[in-house]
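Residue strings, one per chain:
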Amino acid sequence: MSNTPMAASPLTRAVLEIDEYASGLGWDQPARLFALVDTARLRAQEPALAAQLGLQDESGATGLTPIEQDEVPTDKALDEFLGTIAWPDAVAGCALTVERLMLPPSAEAQVPQGMSGAKLAKWVADHPERQEVRMTVAVLRDGTRESAVRLREKDTPTEVLTGPDLVPGLAEALKATFED
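Computed from a predicted structure; not experimentally measured.

Rules used throughout
Residues numbered from 1 in each chain as written. Predicted model: local features only at pLDDT ≥ 70, side-chain atom pairs only at ≥ 80, totals over all residues. Heavy atoms only, no water. Core = buried A, V, L, I, M, F, W, Y, C linked by side-chain atoms within 4.5 Å. Buried < 20%, exposed > 50% of the residue type's maximum accessible area, 1.4 Å probe, protein only. Helix = DSSP H or I, 4+ residues; strand = E, 2+ residues; numbered from the N terminus. Contact = heavy atoms within 4.5 Å. Pairing = 2+ DSSP bridges. Axes fitted to C-alpha atoms, helices over the stretch in contact; angles between N-to-C directions. Arc of directions from axis to C-beta. 1 Å grid on protein atoms, 1.4 Å probe; cavity = no way out; pocket = protein on both sides within 12 Å on 5 of 7 lines; lining within 4 Å. Points joined across faces, edges and corners; volume = space filled by probe spheres on them. Nonpolar A, V, L, I, M, F, W, Y, C, P; charged D, E, K, R; others polar.

Let's shift gears to the nonpolar core. Ranked by size, the top nonpolar core spans 23 residues in total, and within it Leu78, Trp87, Leu96, Leu170 and Leu174 carry the most contacts. Put simply, the parts of the chain that give this core at least two residues each are β1 (32-38), α4 (78-82), β3 (93-102), β4 (131-140) and α6 (168-176). Take this core: its biggest share by element is four residues, from β4. Not counting chain neighbours up to four residues away, the residues in contact with Leu170 comprise Leu78, Leu82, Leu96, Val98 and Val137. Counting residues in each nonpolar core, the second largest holds 13 residues, with Ile18, Phe34, Leu36 and Ala138 among its members.

This is the structure in structure tokens:
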């Protein structure tokens, strides 16, 4: 978390930690899913795992520890996959990092009517104003959310946008993984 402001909320720090981790892996990566666990609780209940994660020396530290889950399947739509997830009580929240192509709001009027699916994806991929972005979105059980968005063309830690409402649809999909 070398570039994460200590004054940030624990959720913001977790999102930026995941963003920094994903950045270190480079671009053109698959989606990655993380469980967010209370660090103090992890240290108390799972000391061996905490030691494996390098958390044993932070006895006074509070916050959330991201734990990467198994691979996100590429043969299933992301929303379908998220619909299959159920978290145990020990998980305080979850986060997902995913790369996408986005268009600026000015391009919305240019989208051809009636186009969907693969044709729309190709149209966006071929659009001269497209931007490659990496989005990291996290939610807690209580609905608190945070996001980090990094543009490929401005791939530096100081150019990462953060905020709770940057990717509302994905945040809602992640929140639904905690509902019965």
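This brings us to the sheet that holds strand β2 (residues 64-68). What the six strands build is an open sheet, ordered β2-β1-β3-β4-β5-β6; its pairing is antiparallel. Pairing within the sheet leaves two strands with one partner each, and these edge strands are β2 and β6 (161-163). Averaged over all pairs of adjacent strands, the angle between strand axes in this sheet comes to 20 degrees, irrespective of strand direction. Bridge count for β1 against β2 is five bridges, and the pairing is antiparallel. Directly across from Asp38, in β2, lies its bridge partner Leu64. In this fold α6 packs onto β3, β4 and β5 (145-151), with an angle of close to 35 degrees to the strand it touches most, β4.

Looking at where Ser23 falls in the secondary structure, it is placed in helix α1 (residues 10-25). Remark: the alpha-carbon pair of Ser23 and Glu159, spanning 136 residues in sequence, is separated by 12 Å.

This part is about α6. Each turn of an α-helix holds 3.6 residues, which means side chains three or four residues apart point in the same direction. Residues of α6 that are buried include every one of Leu170, Ala171 and Leu174, and no others. Burial along α6 is one-sided: seen end-on, the buried residues are contained in an arc of 100 degrees. Taken together, the buried residues of α6 touch α4, β3, β4 and β5.

According to the stated counting rule, one finds one cavity of 30 Å³ or more in the structure shown. Approximately 60 Å³ is the volume found for the largest cavity. Taken together, Ala22, Gln29, Pro30, Ala31, Arg32, Thr97, Val98, Glu99 and Arg134 make up the lining of the largest cavity. For the lining of the largest cavity, the element with the most residues is β3, which contributes three residues. Here the residues of the lining of the largest cavity sort into four nonpolar, two polar and three charged.

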